[in-house]
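Given next are the chains, with one letter for each unit.
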Amino acid sequence: MKILGVVGRTMSRILSSLLSAFKSDRKGNVAATFGLLSGVLFLGVGAAIDFGRRLNIETHTQRALDAAVLAGGRQLQIDNQNPDKALQLAKLVYAVNIKNRLPISTETVSFTMADNNTALVGKVDTTMKTSFLGLGSVKSLSSSNTAKTQIAVGGEGGSNLEVSIMLDVTGS
């Protein structure tokens, strides 16, 4: 803790000396350069914030989509005669998992059966309004997420493979 206090005081002194040097500079070069670059710097920081929000939305959406297709695929594995039930479960699981996601402008969600009803495919397209990039004429950012699961239907995986792990606790 003491190290952080020393570092904080040192940084405060350095920042204070830099600001006083900036303030006392009468040539105007530094102020003009700072004035010209401040807009670009502000837009760059804002772009980083907007892209960070987009990445957060995309990550939450992909996690929810993965959970949805896995749940739907498992339902399809249990009851392969009712693919509509698997689709409904996938939609429900997706809706539950995106509740804590950041707000978005538009969203298109689709779940479909594939490969003779042995696979479930989910696709989500999202658009979010930008906060800072709107100043630079980028009004929105979009992303597209896709997930697919293919599970052996009816509990038959097509092979009789058994995996075993043995743990020797004797220490020999």
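Details of the structure are given in the entry above.
These lines cover the structure that appears in this document, whether it is placed above or below.

**Brief notes about the sheet that holds strand β2 (residues 119-129)**
Ordered by their spatial adjacency, three strands build an open sheet running β1-β2-β3, and the pairing between neighbours is antiparallel. Every other strand in the sheet has two partners, leaving β1 (106-114) and β3 (140-150) as the edge strands with one partner each. Strand-to-strand, the axes of this sheet are offset by a mean angle of 10°, without reference to chain direction. Pairing geometry for β1 and β2, over nine bridges, is antiparallel. Paired with S110 across the bridge in β2 is K123.

**Let's talk about the nonpolar core**
Residues L65, A68, V69, A90, Y94, F111 and L120 are the most contacted members of the largest nonpolar core, which totals 13 residues. Breaking this core down by element, the ones donating at least two residues are α2 (29-78), α3 (83-97) and β2. Counting five residues, the second largest nonpolar core, distinct from the first, contains I57, M128, L133 and L141.

**Considerations on a nonpolar patch on the surface**
On the surface, M11, I14 and L18 cluster together into a nonpolar patch covering about 310 Å² of accessible area. Examined against the element boundaries, I14 turns out to sit in helix α1 (residues 2-24). Here I14 falls in the partly exposed class, since its relative accessible area comes to 42%.

Thresholds, definitions, all that
As a convention, each chain's residues are numbered from 1 in the sequence order in which they are written. With the structure being a predicted model, the display of local features is reserved for residues of pLDDT at least 70 and the display and counting of side-chain atom pairs for 80 or more, all residues being used for whole-chain, interface and lining totals. The side-chain quantities take in all heavy atoms of the structure and omit both hydrogens and water. Note: two strands are recorded as paired if DSSP finds a minimum of 2 bridges between them. We count a stretch as a helix when DSSP gives it H or I for four or more residues in a row; a strand needs E for two or more, and each element gets its number in order from the N terminus. Axis definition: a line fit to C-alpha positions, over the contact stretch in the case of helices; interaxial angles, taken between N-to-C directions, run 0 to 180 degrees. Among the buried residues, those of types Ala, Val, Leu, Ile, Met, Phe, Trp, Tyr and Cys that are joined through side-chain atoms within 4.5 Å form a nonpolar core. Accessible area is worked out with a 1.4 Å probe on protein chains only. A residue is then buried under 20% of its type maximum, exposed over 50%, and partly exposed in between. Two distance rules govern patches: like charges are joined within 9 Å, and nonpolar side chains (Val, Leu, Ile, Met, Phe, Trp, Tyr) within 5 Å, applied only to residues with over 30% relative accessible area and no salt bridge. For the accessible areas, the method is Shrake-Rupley and the probe is 1.4 Å, while residue cover comes only from the protein chains on display. In the sections that follow, a salt bridge refers to a side-chain nitrogen of Lys or Arg positioned within 4 Å of a carboxyl oxygen of Asp or Glu.

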